[in-house]
Amino acid sequence: MGKIKKSDKKRTRKISLFNHKGGVSKTTTTFHLGWMLAKKGYKVLLVDADPQCNLTGLILGYSASEEFENFYLKNPDVNLKAALKSAYESLPKLIEAGEPVEVAKIKNLYLIPGHINFSEYEITMGIAQELSSSIQALKNIPGAFSFYLEKEIEKFQFDFVLIDMNPSLGALNQNILMTSDYFIVPTSPDYFSKMAIDSLNTVFPRWKKWSERAQSMYELDNAAYPFPKGYPKFLGTIIQKYRPRNGEATEGFQSWINRINESVVSEFVPAMYKIDMLLDRKKYQEVRKDFTDSYCLVQIPDFNTLIATSQEHQTPVFALKDNMFGHVGAILQQDQKKRREFHRIFSKLAEEVITLTDA
Ligand SMILES: Nc1ncnc2c1ncn2[C@@H]1O[C@H](COP(=O)(O)OP(=O)(O)OP(=O)(O)O)[C@@H](O)[C@H]1O
Ligand SMILES: [Mg+2]
């Protein structure tokens, strides 16, 4: 791994991609968005905070468990669990920044790999987050993740940190989301995504209340890893127009897209406004005037066969090279057309994210 050069841009934006519904393209979007931001010249860190390690597998090209095992054996300190170990296992050693993995095929894109056993920390975090009488013993846990990212940012001056999360409402996700600067909610156009977003209208106010309490506690303020101040702001949703794993048939997409957009505008956004988890209204209008109709940043069509090619080459669909498609003539021309279309979509998404998070 070569030495990482510092970027000259200053303010870092930590964005989590969250939906407790599985298979809505959180991981795929984290990878594609991160790559696009890097392509635009930003220095980007991707963090795999999902014990399923799909993002790590996608980037390193691993699918078999032996490949992961080999990686952990060769690089025992290069993963999120190892980075947080001293806090969670009360070791007499401070959390420090490690050297992230350089994503091979593009400059400026880095990864903190996940670890399959990161889920072991879920219970410890759950107890720590109760903020009860045990907090004296566990006071270093709630601020640890954020402290660690700040160390990486301080050392390598990333412009963006994108965090891929697991599909749950667990304590780790609560901590990761509430200590981010911003969050995006990827969704799919179906009943379960609508249910999931609706449930966030009550989950996020609970998380906010918890964070408020954590921010006011003397013990957490004076911990080795102080709990950070502030609340994450909602950037928008992304609608993935493909058939998710075990999903319903693809018909009726538009009706679900409309229903999800409507409930985001009429219920989710007002709920976020009440708990200070929205940006200033003017900020959304910088992206487009009609944000009041929908907070959907982009709709991403089905990649169809390109998804397999993308995974095979650890390259986003919009960055696939001609020779990766394995086609010639008219079929290659169709591939190129699709590539341009996806490039346009992810470029738009990246520009929106840049504008919305611009100070
Ligand atoms: N636009 C798309 N078109 C076709 N397939 C897609 C698209 N986006 C993602 N996929 C595929 O759908 C599956 C789920 O995507 P992904 O793993 O990114 O979702 P996720 O939300 O991260 O899932 P989980 O909740 O399990 O972490 C993957 O096999 C991925 O390759
Ligand atoms: Mg995932």
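Criteria and thresholds
- Residues numbered from 1 in each chain as written.
- Chains lettered and ligands numbered in written order.
- Predicted model: local features only at pLDDT ≥ 70, side-chain atom pairs only at ≥ 80, totals over all residues.
- Helix = DSSP H or I, 4+ residues; strand = E, 2+ residues; numbered from the N terminus.
- Rg over C-alpha atoms; globule rule 2.2 N^0.38 Å.
- Buried ≥ 20, exposed ≤ 12 C-beta atoms within 10 Å, placed from the backbone.
- Pairing = 2+ DSSP bridges.
- Near = placed C-beta within 6 Å.
- Nonpolar A, V, L, I, M, F, W, Y, C, P; charged D, E, K, R; others polar.

### Here's the deal with the overall build of the protein
Piece 1. Broken down by element type, the protein carries 15 helices and eight strands.
Piece 2. At 20 Å, the protein has a C-alpha radius of gyration in line with the 21 Å of a compact globule built from 359 residues.
Piece 3. Along the first, second and third principal axes, the C-alpha atoms of the protein reach 65 × 50 × 40 Å.
Piece 4. A buried classification covers 44% of the 359 residues belonging to the protein.

### Regarding the pairing of strand S2 (residues 44-48)
Piece 1. For S2, the buried fraction is high: five of the five residues fall into the buried class.
Piece 2. What you see with S2 is no split at all: Val 44, Leu 46 and Asp 48 on one side and Leu 45 and Val 47 on the other are buried throughout.
Piece 3. Taken together, the four bridges between S2 and strand S4 (residues 109-112) define a ladder with parallel strand orientation. Counterpart to Val 47 in the pairing with S4 is Ile 112.
Piece 4. With five bridges joining them, S2 and strand S5 (residues 160-164) adopt parallel strand pairing. Bridge pairing in S5 places Val 44 opposite Phe 160.

### A word on the site of ligand 1
Piece 1. Ligand 1 sits among 18 residues. The nearest are Gly 22, Lys 26, Thr 27, Thr 28 and Pro 167.
Piece 2. In terms of residue count, helix H1 (residues 26-39) provides more of the shell around ligand 1 than any other element does, three residues in total.
Piece 3. Taken together, the residues of the shell around ligand 1 sort by class into six nonpolar, eight polar and four charged.

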